[in-house]
Amino acid sequence: MKKIAYFLSVLFLMTAFVPAAVGAPTKDKEKKEMTAAEKERLVEIEDRVEEIKAMDFSDMSKEERKDVRKELKEMNKEAKQLSGGVYISVGAIIIILLLLILLT
């Protein structure tokens, strides 16, 4: 019984704060269309990633592997910035985890 009361109190607490965050007006909620240059850059990044996947890392020195890893991280950041992304709020993650814990 304590688990149910605890779960319900957390659920009500989260629902009290979520509508305030959702209702806040923001300007960058509009979905932006990618320009031709951005689409072209994403294709270049995908091609480079495929080239890196095909590489044989056993022939490379430690410094070369480190440079490739750094390049991949930079391309990943750039691709996320260009394509936008889907973000999940902390409250939603907590609710999902609680439901998974309680239902299993």
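Residues numbered from 1 in each chain as written. Predicted model: local features only at pLDDT ≥ 70, side-chain atom pairs only at ≥ 80, totals over all residues. Heavy atoms only, no water.

S.K.: Looking at this structure, I do not really get the packing of helix H2 (residues 36-54) against helix H3 (residues 62-83). What am I missing?
M.R.: Each pair of packed helices can be summarised by the angle the axes make with each other and by the distance between the axes. The contact between H2 and H3 brings their axes to 10 Å, and the two run at 150°. The orientation of H2 with respect to H3, classified from their angle, is roughly antiparallel. In the packing of H2 onto H3, the handedness of the crossing is left-handed. Contact residues: H2 offers Glu38, Arg41, Leu42, Ile45, Arg48, Val49 and Ile52, while H3 offers Val68, Glu71, Leu72, Met75, Glu78, Ala79 and Leu82. Across the contact of H2 with H3, the residue classes break down as 9 nonpolar, no polar and 5 charged. (Axes fitted to C-alpha atoms, helices over the stretch in contact; angles between N-to-C directions. Helix = DSSP H or I, 4+ residues; strand = E, 2+ residues; numbered from the N terminus. Parallel < 35°, antiparallel > 145°, perpendicular 65-115°, else oblique. Left-handed = near helix turned anticlockwise from the far one by under 90°. Contact = heavy atoms within 4.5 Å. Nonpolar A, V, L, I, M, F, W, Y, C, P; charged D, E, K, R; others polar.)

S.K.: Which parts of the structure should I look at to understand the pattern of salt bridges?
M.R.: Side-chain pairs of opposite charge can arise whenever the charged atoms involved come near each other. In the structure shown here, the tally under the stated rule is 5 salt bridges. With a closest N to O distance of 3.3 Å, Glu44 and Arg41 form a salt bridge. One end of the pair, Glu44, and the other, Arg41, are both in helix H2, 3 residues apart, so they sit about a helical turn from each other. According to the relative accessible area criterion, Arg41 is partly exposed, its value standing at 29%. When the shortest N-O distance is used, the salt bridge between Lys53 and Glu50 registers 3.9 Å. Of this pair, Lys53 and Glu50 both sit in helix H2, 3 residues apart, which is roughly one turn of that helix. It is possible to trace a salt-bridge network through shared partners that takes in Arg41, Glu44 and Glu78. (Salt bridge = Lys/Arg side-chain N within 4 Å of Asp/Glu carboxyl O. Buried < 20%, exposed > 50% of the residue type's maximum accessible area, 1.4 Å probe, protein only.)

S.K.: Before we go on, may I ask you to explain a positive patch on the surface in this structure?
M.R.: A contiguous patch of positive charge on the surface is contributed by Lys62, Arg65, Lys66, Arg69, Lys70, Lys73 and Lys77. Tracing the backbone shows Lys62 in helix H3. (Patch = residues over 30% accessible without salt bridge, like charges linked within 9 Å, V, L, I, M, F, W, Y side chains within 5 Å. Areas by Shrake-Rupley, 256 points an atom, 1.4 Å probe, with all protein chains shown as cover. Lys, Arg positive; Asp, Glu negative; His and termini not counted. Charge placed at Lys NZ, Arg CZ, Asp CG, Glu CD.)

S.K.: When you look at the environment of Leu42 in this model, what are you seeing that I'm missing?
M.R.: Along the chain, the position of Leu42 falls in helix H2. Judged by relative accessible area, which is 16%, Leu42 ranks as buried. Between the C-alpha atom of Leu42 and that of Leu82, which follows or precedes it by 40 residues, the distance is 7.8 Å. In this view, Leu42 contacts Met34, Ala79 and Leu82; residues no more than four positions away in its chain are not counted.

S.K.: Could you clarify how one ought to interpret a nonpolar patch on the surface in this entry?
M.R.: Side chains of Ile88, Ile93, Ile96, Leu97, Leu100 and Ile101 sit close together on the surface and give an oily, nonpolar patch of about 590 Å² of accessible area. Relative to the assigned elements, Ile96 resides in helix H4 (residues 90-103).

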